[in-house]
Every structure is written in structure tokens, then in C-alpha cells.
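These are the residues of each chain, in order.
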Amino acid sequence: MLGVVTDVTSSEASLRWPIFAPEAIDRSVKSIIAVPIQAGAIKVGVVDCYREFAGAPATVGRGRPE
């Protein structure tokens with residue numbers, strides 16, 4: 001798995017995290033990107049990135065083909 005993008009403003013997120021989602025939105029977090037860190041077969045942890053905008057970040061202008 002490369003990463004998971006969660007739209008905190010979605011109704012699905014508010015059902016899954018009824019306490020966390022509203023608190024995150026109150027703090028201007030609209031989406032969370034979680035990227036697992038793995039060394040071979042060993043799962044080391046996760047890096048979480050919080051965004052002010054809902055959805056996945058755009059790839060335009062980031063060195064990837066459109």
C-alpha cells in the first residue's frame with residue numbers, strides 16, 4: 001500500500017471517527033494522508049500528513065506526467 005487519503009469532511013469519516021473528525025475539522029484539517037513505513041517484512045510505523053484541503057494533493061507541477 002502506497003498511502004491512504006482520507007477526506008475528514010465526508011459523512012463516512014464522521015461515522016467512522018465521531019469524536020476525531022469534528023475536532024480535526026475545527027483545527028482546519030480537511031484530509032489526512034497516511035503512508036506506511038516498512039523495512040522488508042517489518043512494519044515500522046506510519047507517517048501522517050494533515051492538509052487544510054479535502055482530497056488528495058494534485059500531482060500537477062510536482063514532476064509527474066499529467
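Worth saying up front: this structure is predicted, and the values here are computed from it rather than measured. (Residues numbered from 1 in each chain as written. Predicted model: local features only at pLDDT ≥ 70, side-chain atom pairs only at ≥ 80, totals over all residues. Heavy atoms only, no water.)

Student: Just to check I follow, could you spell out a nonpolar patch on the surface for this structure?
Tutor: Together, V35, I37, I42, V44 and V47 make up a nonpolar patch on the protein surface, roughly 410 Å² of accessible area in all. Secondary structure elements with two or more residues in the nonpolar patch: strand 2 (31–39) and strand 3 (42–51). By relative accessible area, which is 58% here, I42 ends up exposed. (Patch = residues over 30% accessible without salt bridge, like charges linked within 9 Å, V, L, I, M, F, W, Y side chains within 5 Å. Areas by Shrake-Rupley, 256 points an atom, 1.4 Å probe, with all protein chains shown as cover. Salt bridge = Lys/Arg side-chain N within 4 Å of Asp/Glu carboxyl O. Helix = DSSP H or I, 4+ residues; strand = E, 2+ residues; numbered from the N terminus. Buried < 20%, exposed > 50% of the residue type's maximum accessible area, 1.4 Å probe, protein only.)

Student: So what exactly am I meant to see when it comes to the environment of T6 here?
Tutor: As for its placement among the helices and strands, T6 is situated in strand 1 (residues 4–7). With 44 residues separating them in the primary sequence, T6 and Y50 have C-alpha atoms 9.8 Å apart. Sequence-distant contacts of T6, defined by excluding residues within four places in its chain, comprise W17, K30, S31 and I32. (Contact = heavy atoms within 4.5 Å.)

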